[in-house]
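# A closer look at the structure
For reference, the chains in residue letters:
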Amino acid sequence: IPAEKAEQIAAVLESKGLYGDSMRLTALALRNQGTAPTDAQLRRLYPRYWGELVEKYADEYGLPPYLLYAVIRGESFFQPDAVSAAGAVGLTQLMPATAADIAKRLKVSDYRLSDPEINIRFGAYYLAEMIKRSDNRIMLACCAYNAGPTKVRNWRRKIGAIADDLFLEVIEYAETRGYGRKILTGAVVYGSLYYGIQPDLIIKSFFSDQ
């Protein structure tokens, strides 16, 4: 599909709320384009859907909004009804048991994980908790978000003292290694594209042990 036609179709998909399909089509068009993406293409590939909710709960739980956008994009491609093979639900792909624990802590008795506001709120809270438990080391927190804090704790014990960027490359799960890279990439793009933050500053924030 020519890039111009792909952009037109992607815009229609986006208008119908088919955000994931719009982003996938844009990515495919860029592979065939052979030139650097335009600013408009980048914004469609890295959009800020549910922006008011993301900004609200990023602020409430002390997260950089570009990080929360990157997690939502990486987890669900902004599809609020997404359900993984493992049973994780919604925009931030929370497991029901994890969500139930978060609901108890936040004193929320009635909720649906397919509700964007509930899901973003719970996901932001959980990500902030992972960062706190990881001594504010964002890459370790992202690994914990994907594989669970117990797994990361066991890997750190097994691997020993090592820089966080090297830790990412030697952990056992290929999925978690790929996840860490994906969230870092997303955070860099969102931070530089929408917030004017230099990529090297975002990368340093992920590897604050160095």
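To be clear, the structure that these remarks concern was listed above.
Residues numbered from 1 in each chain as written. Predicted model: local features only at pLDDT ≥ 70, side-chain atom pairs only at ≥ 80, totals over all residues. Heavy atoms only, no water.

Below, the discussion takes up the overall build of the protein. Looking only at helices and strands, one finds twelve helices and zero strands in the protein. Since a compact globule built from 210 residues should have a radius of gyration of about 17 Å, the 17 Å found for the protein is in line with a globular shape. Taken along its principal axes, the extent of the C-alpha atoms in the protein is 50 × 40 × 30 Å. Looking at the protein as a whole, 47% of its 210 residues are labelled buried. The contacts in the protein between residues at least 6 apart in sequence include a share of 52% that link residues at least 24 apart. When the accessible surface of the protein is totalled, it reaches about 10,500 Å², and 53% of it is carbon and sulfur. The average position of the 26 basic charges and that of the 24 acidic charges among the side chains of the protein differ by 5 Å. (Helix = DSSP H or I, 4+ residues; strand = E, 2+ residues; numbered from the N terminus. Rg over C-alpha atoms; globule rule 2.2 N^0.38 Å. Buried < 20%, exposed > 50% of the residue type's maximum accessible area, 1.4 Å probe, protein only. Contact = heavy atoms within 4.5 Å. Areas by Shrake-Rupley, 256 points an atom, 1.4 Å probe, with all protein chains shown as cover. Lys, Arg positive; Asp, Glu negative; His and termini not counted. Charge placed at Lys NZ, Arg CZ, Asp CG, Glu CD.)

In the contact formed by helix 6 (residues 96-106) and helix 7 (residues 116-133), the axes pass within 10 Å of each other and the chain directions differ by 90 degrees. The pairing of helix 6 with helix 7 is recorded here as roughly perpendicular in orientation. Together, T98, A99, I102, A103, R105 and L106 of helix 6 and R121, F122, Y125, Y126, E129 and R133 of helix 7 make up the contact between the two elements. Residues that form the contact of helix 6 with helix 7 fall into these classes: seven nonpolar, one polar and four charged. (Axes fitted to C-alpha atoms, helices over the stretch in contact; angles between N-to-C directions. Parallel < 35°, antiparallel > 145°, perpendicular 65-115°, else oblique. Nonpolar A, V, L, I, M, F, W, Y, C, P; charged D, E, K, R; others polar.)

Another point: the pattern of salt bridges. Within the structure shown, the criterion is met by ten salt bridges. Of the charged contacts in the structure, one is a salt bridge between E129 and R105, with a shortest N-O distance of 3.7 Å. Of this pair, E129 sits in helix 7 while R105 is found in helix 6, placing the two residues 24 residues apart along the sequence. Classification of R105 as partly exposed rests on a relative accessible area of 41%. Here E169 and R181 are joined by a salt bridge, their closest N and O atoms 2.6 Å apart. Placement of E169 in helix 10 (residues 164-170) and of R181 in helix 11 (residues 174-195) is noted, with a sequence separation of twelve residues between them. R181 gets classed as partly exposed once you look at its relative accessible area, which sits at 39%. (Salt bridge = Lys/Arg side-chain N within 4 Å of Asp/Glu carboxyl O.)

To continue, consider the packing of aromatic side chains. Applying the stated criterion to the full structure yields twelve aromatic pairs. Measuring from ring centre to ring centre gives 3.8 Å for Y19 and Y49, while their planes differ by 15 degrees; the resulting arrangement is stacked. Taken together, the positions of Y19 in helix 2 (residues 19-33) and Y49 in the loop between helix 3 (39-45) and helix 4 (51-60) put the pair 30 residues apart, joining distant regions of the chain. The burial state of Y19 is the same as that of Y49; both residues are buried. One aromatic cluster is present, built from ring pairs that chain together Y19, Y49, W50 and F78. Lying over the aromatic face of Y46, R73 brings its terminal NZ or CZ to 3.9 Å of the ring centre. (Phe/Tyr/Trp six-rings, centres within 6.5 Å; stacked < 30°, edge-to-face > 60°. Lys NZ or Arg CZ within 6 Å of the ring centre and 35° of its normal.)

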